[in-house]
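Okay, here's what each chain looks like letter by letter:
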Amino acid sequence: MTGEPDVTGDDGTTAGRDDGATPDDSSRLFPRVTAYRFRRGTMRPGQQRNWDEHWPTYGQNVSDETVDPEALFGRKAPLVVEIGSGTGTSTAAMAAAEPELDVIAVEVYQPGLAQLLGMVLREELNNVRMIRGDGVDVLTNMIAPDSLTGVRVFFPDPWPKARHHKRRLLQSGTFALISSRLKPGGVLHVATDHVDYAEWIGPTGDAEPSLERLDATTDRGHVPFSLDRPVTKFEGKGLQEERVINEFLWRRRG
Ligand SMILES: C[S@@+](CC[C@H](N)C(=O)[O-])C[C@H]1O[C@@H](n2cnc3c(N)ncnc32)[C@H](O)[C@@H]1O
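Right, let's walk through the structure included here. This one's a predicted model, so the numbers in the text were calculated from it and none came from an experiment. (Residues numbered from 1 in each chain as written. Predicted model: local features only at pLDDT ≥ 70, side-chain atom pairs only at ≥ 80, totals over all residues. Heavy atoms only, no water.)

A word on the packing of aromatic side chains. Under the counting rule described, the total for this entry stands at three aromatic pairs. Ring centres of W51 and W55 lie 4.1 Å apart, and the angle between their planes is 10 degrees; on these two criteria the pair is classed as stacked. With W51 and W55 both in helix α2 (residues 45-58), this residue pair falls four residues apart, about one helical turn. The same class applies to W51 and to W55, which are both buried. Summarising the aromatic geometry, the rings of F248 and W250 are spaced 5.5 Å apart at their centres and angled 5 degrees between planes, so their arrangement reads as stacked. Like F248, the residue W250 is buried in the burial classification. Put simply, the rings of F175, F248 and W250 pair up and form one aromatic cluster. (Phe/Tyr/Trp six-rings, centres within 6.5 Å; stacked < 30°, edge-to-face > 60°. Helix = DSSP H or I, 4+ residues; strand = E, 2+ residues; numbered from the N terminus. Buried < 20%, exposed > 50% of the residue type's maximum accessible area, 1.4 Å probe, protein only.)

What follows is the structure, encoded as structure tokens:
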């Protein structure tokens, strides 16, 4: 990712609060303390022009309105949501490889979305839409229960310090939320190159009773969409440093 992290608040994070929630808020159903870094970043002039002209067609900001996928994509197709799409390298490559699948990329970092928007326009990827905002809010408020064929989370921020672990995206509440948005048989695909986060992700996902773990090597053929990711710049750096990539698959029980 480009751009230095720019922080908001005295702990350098934003979002992830459930203050102000009323007892019937769905934030109570999926309690969270997740947070993300607020990263300021500027778009290049060409990206800004694309954004001004095409963002309203391909993107939207997080809201309380449930997305109607058929209206959004103009067709009925299996739907995958990717949380934290970064600069969209995987999103675009995977969408191009699977035109029969519709993909919603969710990201808080505007220049990353602008980069993905550029690829969508250049490669005429009609099966990609974007939402700018916090993935937990998007899943909670905009994605209907039992509607997704897949959820992708690739290289979520590891928050390595023990006192920051509570900010990690993949908490038990997020697993429950993701599972509730998957259709029975739908699959969550996670990849991380952070060993300590991997050791957290495995047991946390396994503890979600509505999910069953699939073997990320031998069960690949049982997943209703492709799991083949390109190596992104971010992942490439990790591989150069000989970091191990851990992949996880969970299927929503029927
Ligand atoms: C380490 S980067 C990985 C990006 C990309 N998935 C890749 O593999 O190159 C993590 C990304 O997740 C985004 N992110 C973190 N928390 C998020 C959240 N709660 N909702 C949406 N995006 C989030 C960050 O802005 C960042 O772009």
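Locating N127 in the fold gives a position in the loop between α5 (110-122) and β4 (128-132). Note: C-alpha distance between N127 and G74 (53 residues apart in sequence) is 9.6 Å. Reaching out from N127, the side chain makes a polar contact with the backbone oxygen of E98 at a distance of 3.2 Å. Within the structure, the side chain of N127 is placed 2.9 Å from the backbone oxygen of L101, a separation counted as a polar contact. (Polar contact = N/O pair within 3.5 Å; in protein donor to acceptor, adjacent residues only side chain to side chain.)

Core analysis: the biggest nonpolar cluster contains 30 residues, and I104 and L188 have the highest contact counts within it. Of all elements in the fold, only β2 (79-83), β3 (102-107), α6 (135-142), β5 (148-154), α7 (172-181), β6 (182-192), α8 (195-206) and β8 (246-252) reach the threshold of two or more residues within this core. In terms of residue count, the dominant contributor to this core is α6 (four residues). Apart from the residues within four sequence positions on either side, I104 is in contact with V67, L72, F73, L79, V80, V81, E82, R129, I131 and I143. If you look at the next biggest cluster of nonpolar residues, it comprises 17 residues, including W55, L113, L125 and V128. (Core = buried A, V, L, I, M, F, W, Y, C linked by side-chain atoms within 4.5 Å. Contact = heavy atoms within 4.5 Å.)

Moving on to unusual backbone geometry. Leaving glycine out, the prevailing phi sign among residues is negative, and the prevailing peptide bond configuration is trans. Backbone geometry at E124 places phi at a positive 50 degrees, although glycine is not the residue there. Counting through the fold element by element, E124 comes out in the loop between α5 and β4. Notably, W159 is not glycine yet its phi reads approximately 40 degrees, a positive angle. Within the fold, W159 resides in the loop between β5 and α7.

Turning next to the pattern of salt bridges. A complete count under the given rule lists eight salt bridges for this structure. Two residues, D196 and R168, come together in a salt bridge whose shortest N-O distance is 3.0 Å. Residue D196 is found in helix α8, and its partner R168 is found in the loop between β5 and α7; the two are separated by 28 residues along the sequence. With a relative accessible area of 0%, R168 lands in the buried category. R251 is the salt-bridge partner of E212, the closest N and O atoms lying 3.2 Å from each other. Pair noted here: E212 is in strand β7 (residues 211-214) and R251 is in strand β8, with a separation of 39 residues, a long-range link. (Salt bridge = Lys/Arg side-chain N within 4 Å of Asp/Glu carboxyl O.)

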